[in-house]
Amino acid sequence: MTGLCGLALLSFVRRPKLRSFATILAAALILWGSLAGAGHFAALLMQESPPTARASLGPAFWTLAVAILAIADAMQRGNFVIPARVCIGAAFCAGFFLMAAAGDFDDLSLAKEFSNNRGIFVTELLRHLGLVCAATFFALLIGVPLTMLVLRKTAVAGFVFASLGILQTIPSIALFGVLIAPMSKLSEQLPFLRDLGINGTGPAPAIIALTLYSLLPLVRGFYTGLSEVAREVKDAATAIGFGARQMFIEVELPLAMPALLSGLRVVTIQAIGLASVAALIGAGGLGTFIFQGIGQYALDLVLVGALPVILLALLANFFFEMLLGLARRKL
Amino acid sequence: MIELRNVSKSFGATPAVADFSLKIENGAFFVLAGPSGCGKSTVLRMINAMIVPGKGQIEVDGQDIRAMEPEKLRRSIGYVIQSAGLFPHWTAADNVLAVPRLLKWSPSRCAARLDALVALLRIDPALLDRYPRQLSGGQQQRIGVARALAADPDIVLMDEPFAALDPVSRAELQDELRGIHARSGKTIVFVTHDMDEALRLATGMAVMNGGRLIQTGSPASILLAPVDDFVRDFLGGESLQLRLLDLVPVEKLMKPGKTKATETIAAGASLKNALNLMLARRRSFLGVEDASGKRLGEIHLNDIVARRDAN
Ligand SMILES: Nc1ncnc2c1ncn2[C@@H]1O[C@H](COP(=O)(O)OP(=O)(O)OP(=O)(O)O)[C@@H](O)[C@H]1O
Ligand SMILES: [Mg+2]
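Predicted model only: the values in this text are computed from it and were never measured. (Residues numbered from 1 in each chain as written. Chains lettered and ligands numbered in written order. Predicted model: local features only at pLDDT ≥ 70, side-chain atom pairs only at ≥ 80, totals over all residues. Heavy atoms only, no water.)

### Section: the pairing of strand S4 (residues 55–60) of chain B
Residue and element names in this part refer to chain B. Sheet topology note: the strand S1 (residues 2–11)/S4 ladder contains 5 bridges and is antiparallel. Its bridge partner lying in S4, isoleucine 2 is registered against valine 60. Judged from the 2 bridges that link them, S4 and strand S5 (residues 63–64) form a sheet pairing that is antiparallel. Its bridge partner being in S5, glutamate 59 is matched across the sheet by aspartate 64. Taken together, S4 and the strand that follows it, S5, pair antiparallel across an intervening segment of 2 residues, in which aspartate 61 is found at a positive phi of about 50 degrees. (Pairing = 2+ DSSP bridges. Helix = DSSP H or I, 4+ residues; strand = E, 2+ residues; numbered from the N terminus.)

### Comments concerning the site of ligand 1
Residue and element names in this part refer to chain B. Looking at ligand 1, the residues that line it are Phe11, Ala16, Ser36, Gly37, Cys38, Gly39, Lys40, Ser41, Thr42, Glu160 and His193. In this structure, an oxygen atom belonging to ligand 1 sits 3.2 Å away from a main-chain N or O atom of cysteine 38. Within the side chain of threonine 42, one N or O atom sits 2.5 Å away from an oxygen atom of ligand 1. Look at ligand 1: alone it shows 630 Å² of surface, and the protein chains cover 55% of it. The residue makeup of the shell around ligand 1, split by class, is 3 nonpolar, 6 polar and 2 charged. (Near = heavy atom within 4 Å. Polar contact = N/O pair within 3.5 Å; in protein donor to acceptor, adjacent residues only side chain to side chain. Areas by Shrake-Rupley, 256 points an atom, 1.4 Å probe, with all protein chains shown as cover. Nonpolar A, V, L, I, M, F, W, Y, C, P; charged D, E, K, R; others polar.)

### Considerations on the domain arrangement of chain B
Looking at chain B, the domain boundaries give domain 1 (2–240) and domain 2 (248–310). Measuring from the centre of the C-alpha atoms in domain 1 of chain B to the corresponding centre in domain 2 of chain B gives 36 Å. (Domains from an automatic or database assignment.)

### A short note on unusual backbone geometry
Residue and element names in this part refer to chain B. In this model, lysine 104 sits at a positive phi of 60 degrees, which is unusual for a non-glycine residue. With respect to the secondary-structure elements, lysine 104 resides in the loop between helix H4 (98–102) and helix H5 (107–120). Note on lysine 104: relative accessible area 68%, which makes it exposed. Not every positive phi belongs to a glycine, and arginine 122 is a case in point at roughly 50 degrees. Residue position: arginine 122 is located in the loop between H5 and helix H6 (137–149). (Buried < 20%, exposed > 50% of the residue type's maximum accessible area, 1.4 Å probe, protein only.)

### Digging into the packing of helix H6 (residues 118–152) of chain A against helix H12 (residues 244–274) of chain A
All names here are of chain A. Across the interface, H6 lies against H12 with an axial gap of 11 Å and an inter-helix angle of 140 degrees. With respect to their mutual orientation, H6 and H12 come out oblique. Judged by the sense of rotation from one axis to the other, the crossing of H6 with H12 is right-handed. Taken together, the residues of H12 that come into contact with H6 (itself represented by His128, Val132, Thr136, Leu140 and Met148) are Phe248, Leu264, Val267, Thr268, Ala271 and Ile272. A class-by-class count of the residues in the contact of H6 with H12 yields 8 nonpolar, 3 polar and no charged. (Axes fitted to C-alpha atoms, helices over the stretch in contact; angles between N-to-C directions. Parallel < 35°, antiparallel > 145°, perpendicular 65-115°, else oblique. Left-handed = near helix turned anticlockwise from the far one by under 90°. Contact = heavy atoms within 4.5 Å.)

### Topic: the interface of chain A and chain B
Of the residues lining the interface, 19 residues belong to chain A; the matching set on chain B comes to 21 residues. Where chain A touches chain B, the interface holds 1 salt bridge. Where aspartate 235 of chain A meets arginine 45 of chain B, a salt bridge forms, and the shortest distance between an N and an O atom there is 2.7 Å. The interface formed by chain A and chain B contains 4 residue pairs in polar contact (both at pLDDT 80 or more). Only helix H11 (231–239) and H12 of chain A provide two or more residues apiece to the side of chain A that touches chain B. For the side of chain A that touches chain B, the element with the highest residue contribution is H11 of chain A, accounting for 7 residues. Tallied by class, the residues present in the side of chain A that touches chain B amount to 10 nonpolar, 4 polar and 5 charged. (Salt bridge = Lys/Arg side-chain N within 4 Å of Asp/Glu carboxyl O.)

### Side note on helix H13 (residues 287–295) of chain A
All names here are of chain A. Listed in full, the buried residues belonging to H13 are Gly287, Phe289, Ile290 and Gly293. Here the buried residues of H13 occupy an arc of 160 degrees about the axis, which is enough to place them on one side. Turning to H13, the residues buried within the fold contact H6 and helix H14 (299–328). Tyrosine 297 occupies a position one or two residues after H13 and carries a positive phi of about 55 degrees. (Arc of directions from axis to C-beta.)

### Some remarks on a nonpolar patch on the surface
Judged by side-chain polarity, Phe137, Phe138, Leu141 and Ile142 of chain A come together as a nonpolar surface patch covering roughly 380 Å² of accessible area. By the element assignment, leucine 141 of chain A lies in helix H6. (Patch = residues over 30% accessible without salt bridge, like charges linked within 9 Å, V, L, I, M, F, W, Y side chains within 5 Å.)

### Details of the environment of leucine 253 of chain A
In this fold, leucine 253 of chain A is placed in helix H12. Distance from leucine 253 of chain A to leucine 324 of chain A, taken between C-alpha atoms, is 14 Å for residues 71 residues apart in sequence.

### Topic: the side chain of threonine 259 of chain B
Looking at where threonine 259 of chain B falls in the secondary structure, it is placed in the loop between strand S11 (255–256) and strand S12 (264–266). From its side chain, threonine 259 of chain B meets the backbone nitrogen of alanine 261 of chain B in a polar contact 3.0 Å long.

### Describing the packing of helix H7 (residues 154–169) of chain A against helix H10 (residues 203–227) of chain A
Residue and element names in this part refer to chain A. Running from N to C, H7 and H10 point in directions that differ by 145 degrees, and their axes come no closer than 8 Å. Between H7 and H10 lies a crossing whose hand is left-handed. Here H7 contributes Thr154, Phe161, Leu164, Gly165, Leu167 and Gln168 to the contact with H10, which in turn contributes Leu212, Tyr213, Leu215, Leu216, Pro217, Val219, Arg220 and Tyr223.

### Here we look at the environment of lysine 294 of chain B
Residues and elements named next belong to chain B. Within the secondary structure layout, lysine 294 lies in the loop between strand S13 (285–289) and strand S14 (295–300). Given the relative accessible area of 53%, lysine 294 is considered exposed. In sequence terms lysine 294 and valine 250 are 44 residues apart; their C-alpha atoms lie 15 Å from each other.

So this is what it looks like as structure tokens:
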């Protein structure tokens, strides 16, 4: 409560840097405070209940979400230098893990759910990351040459963006579903694909779908970034004798870097979210817990899947923010 | 020497430069002048192969530029544009050294060259570590000129380099450039549509219109004998006569001998300066003195009005 009041009061502090810093502190207080409180009350409740009962996180839990958002926002506004950001991030995780290690959460159902699934959790987390990395990799593999093509031949740009735009509008479940039929046909016809483990269901169609979704934001981001490098600068570079390759490496790439990173950030975060849906076609990932939880009406199981997805997205965002900060420093 | 022979270039259907022939001697400060859109930049960019002419031939030092590797040719020709076009992600020093680094000069040679350029263009060394956005327009343009001169090219192309500057920085950079040209004997091809700038700098000049060459010659010869109304109007229309006065030094019209004049003017000043001073002080004649203040003679309003230019 004190933390919340503090947070409200802080909006009156004038100096932006100080305000950001204080906001982070207050939010951290709320976060740790309510987590510890939740663990404490759960333990109290559990003393009087049979061991199969579960203590779920109530609405108070959602103040946590507000606290996390406040922290993320304050970090953005405070415009802290990168080492400071890393320290703040690390301090959080450390606090969280210390509390977990001390057994503060042991009686919370979320923690119970988590420890029940600990073995598969790691596997599914890694699978989720695998899907995201593979999709991003293939999106780059196809997207970079596609960007080059669109930059060179403006005539095809309209066509490429229109097609990618249509892909983007297909609902994700539909796209995953649509891919099942042709993929199973393909693996029936070509035995070597089957040997590689490529089927109508499983990771292969999931990666294909995620890659297709990634293409539009990637190509659009890269295209705008590279085409917005000031013409006079490129002109001057040509005029004093830069060749095409030197121009790309020494002028276009560094100047477009912030835009390229922004594009990649959108793609990665989008893939982290969409990869949850991949569980529906048997590709695994954190979505497994979400859909199982929905099936069993076990909200905490849903959270075991959903919270890490959110955290991953925040982490990816943080990571790209850092890279962007580095890239922008000179511009 | 730069020579263009019957060069034409069209963008789509509209011709930008048509049947253009021009010889620019070594060591010239050659000004290309003409109204907006007449093809000045196109001519300049054809000289360093940024634009390939549709027809005709361009030679630099007797060699057809089509036979040269474009990047190599460009590294041997300095180039400055209006907005400086500095690389925003490089410091001023890195910008200046762009071409030497493309040419793979050793770091020590680069450092020595940087020092020389800083001295030559009177660049404040404190500016060297700044990024272009941290520099004023005048400072940026100074860096732009230094970058063009960095690899000591024999030819420098300048496309309205000072057009965006305030009058003070412009005059400063013009003086700097004129000094560098006089000392180095480089060939400078300079595009401008500012007639005063053209007259102040040029040793030779060409007036273009609609992609064609209308007249070439020394600034004075063009001012004295414009071939047609277009050139006359372009050179200043009604103020043409005043511009002409700018070209003639006082000593040319001075009557040598003793003088009782109370107002004096330097022998090297222009007739325009003299006329200005006469109007300001309500005099019909002025004393003329040399740099040491010794009186040489006097100059009379009547002589200015009745002069027949002998340039
Ligand atoms: N890349 C291009 N594509 C199409 N048309 C062009 C191109 N470059 C120049 N032009 C056209 O060619 C003509 C000459 O242009 P240029 O840039 O040489 O004029 P300029 O004399 O330098 O004009 P300004 O004084 O305004 O800079 C203009 O009509 C212009 O519109
Ligand atoms: Mg121009």
